[in-house]
Amino acid sequence: MGCGNCSSGGGCGSGSTGKTPAGCQNNGSCMTSGCNKLDVYDWLSDMDLPANYKPFNIVEVRFKGSRKDFYINTDNLYLEMGEMVVVEPSTGGYDVGHVSLIGELVRLQLKKNNVKPETVVKKIYRKPTDADVQKYNAAKELEWETMHRARKLALDLGLSMKISDVDYQGDKTKATFYYTAEGRVDFRELIKRMAEAFRIRIEMRQIGMRQEASRLGGIGSCGRELCCSTWLTDFKTVSTAAARYQNLSLNTLKLAGQCGKLKCCLNYELDSYMDALKDIPTNVDRLDTEAGTAFLQKTDIFKRIMWYSYPGAESWIPLDVNMVREYAEMNKDGRKSQDLKIHQEPVEEIEKPASYDYENVVGQDSLTRLDEKNKKRKKKKPKNKKETNASGNKIAELKKVETKEKKVVISNEENANGNKPKRRLNRNKGKNRNKTPNNNKGDS
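Examining the pairing of strand 6 (residues 162–168)
Among the seven residues of strand 6, six are classified as buried, and the element is accordingly described as predominantly covered. Relative to strand 7 (residues 174–180), strand 6 runs antiparallel, the two sharing six bridges. Bridging across to strand 7, tyrosine 168 finds its partner in alanine 175. Here strand 6 folds back onto strand 7, and the loop between the two strands holds five residues, one of which, lysine 172, carries a positive phi near 65°.

Points about the nonpolar core
Core analysis: the biggest nonpolar cluster contains 22 residues, and Met161, Phe177, Leu190, Met194 and Met204 have the highest contact counts within it. Of all the secondary structure elements, the ones that give two or more residues to this core are helix 2 (130–157), strand 6, strand 7, helix 3 (188–198) and strand 8 (201–206). The residues touching methionine 161, leaving out its near neighbours within four places in the chain, are Ala154, Tyr179, Thr180, Ala181, Val185, Leu190 and Met204. Judged by nonpolar contacts, the second largest core, of 17 residues, contains Tyr310, Leu319, Tyr327 and Ala328.

Topic: the sheet that holds strand 5 (residues 124–126)
Strands pair in a sheet through their backbones, by hydrogen bonds, and they do so in one of two ways: parallel or antiparallel. Strand order in the open sheet made by the five strands is 2-1-4-3-5, with antiparallel pairing throughout. With partners counted over all chains shown, the strands left at the sheet margins are strand 2 (68–72) and strand 5, one partner each. The mean inter-strand angle of the sheet, taken between neighbouring strand axes irrespective of direction, is 55°. Sheet topology places strand 3 (residues 84–87) next to strand 4 (residues 95–101); four bridges connect them, and they run antiparallel. In the strand pairing of strand 4, methionine 84 is matched with histidine 98.

Analysis parameters
- Residues numbered from 1 in each chain as written.
- Predicted model: local features only at pLDDT ≥ 70, side-chain atom pairs only at ≥ 80, totals over all residues.
- Heavy atoms only, no water.
- Buried < 20%, exposed > 50% of the residue type's maximum accessible area, 1.4 Å probe, protein only.
- Helix = DSSP H or I, 4+ residues; strand = E, 2+ residues; numbered from the N terminus.
- Pairing = 2+ DSSP bridges.
- Core = buried A, V, L, I, M, F, W, Y, C linked by side-chain atoms within 4.5 Å.
- Contact = heavy atoms within 4.5 Å.
- Axes fitted to C-alpha atoms, helices over the stretch in contact; angles between N-to-C directions.

Put into structure tokens, the structure is as follows:
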């Protein structure tokens with residue numbers, strides 16, 4: 001990723017003052033590819049140059065992302081790697097970048113990129129002042145806000161495009177908007193609205209999905225930074241044939257990267273597989289034997305073993321490539337080979353991991369370990385009175401006797417004090433008032 005949007009904060013070339021670098025504290029000359037993309041190791045930096053040596057006057061300068069360009073050092077300024085310089089842009093004004101390479105290695109970079117030294121016409125103006133650094137930092141701080149405002153303007157116009165990144169020029173007079181779209185987009189009205197909103201010169205550049213991922217960066221499925229954002233410069237075409245040669249399942253979710261295209265790493269080991277596949281016979285999907293027809297199930301390319309199985313059989317039969325080639329020649333002549341199990345290759349048994357006698361303490365620290373103890377502490381209530389034990393019955397009888405004795409004592413104390421005990425009301429008194437006793441039924 002570029003130093004302008006370095007994840008370590010502030011970039012490696014300069015901090016807020018232009019003197020103290022942020023990030024890795026190595027002035028942009030770190031060789032780990034973690035702070036900026038396309039670093040070049042200057043292996044001539046520790047060598048003493050001849051006395052009559054005239055240094056190469058072309059300098060390589062890097063900008064945000066993977067953008068680099070070559071400039072002429074007309075004033076013969078003393079420059080070091082990672083130092084900020086004010087350079088001439090392709091349009092008016094000036095731009096600010098960081099020196100990525102100086103000396104004789106720049107000559108090799110020109111040759112690598114097929115650039116002739118005579119064609120380099122842009123110049124290095126000067127080293128930046130404090131005002132230049134402040135304006136550069138202010139422009140970089142506006143990029144995030146400008147990108148989101150531009151996205152909102154594009155949505156209001158209903159344009160099918162995605163603005164992924166914004167790059168301000170060092171003098172804060174021009175901004176380049178990078179966007180992705182499936183087809184051509186008419187953004188003339190968008191440029192008018194953005195020019196009114198931002199008051200700067202605007203340039204629109206359409207990039208592909210891979211270029212977008214390289215500018216934004218991220219973490220791949222392997223756990224490392226994306227190759228396109230750290231060291232990969234050229235994006236070769238990747239087809240599903242690369243996955244077929246490597247015996248990978250054609251699952252788009254696993255084969256696609258963050259850019260939505262096939263992963264670039266599918267091409268890394270493709271040459272090794274192609275070389276190994278030269279010794280493996282083709283058109284041997286089936287072999288006619290005396291026991292029946294065997295069908296090819298899978299091929300171990302580097303071990304040179306091919307696995308066959310009979311219809312309805314559960315086990316697979318491993319065969320060496322040379323043996324498969326002999327069986328294929330016999331079938332061409334109209335002959336059937338013997339049973340494949342006779343000449344099968346011995347399969348290495350997988351060693352089982354040794355079991356150690358120790359207690360699994362991790363399983364004891366479960367979340368429900370306290371709940372189980374609480375359940376054990378709770379006693380079950382008896383469903384019927386008959387389930388109570390004999391001691392429980394005796395205790396209940398003693399309690400009843402004690403309550404009776406207390407009532408008798410209280411009634412005796414009331415009589416001693418002269419208080420009459422309260423009479424109990426006869427609830428049935430009114431009901432029996434009109435009834436005559438049975439003894440007087442015959443009296444007149």
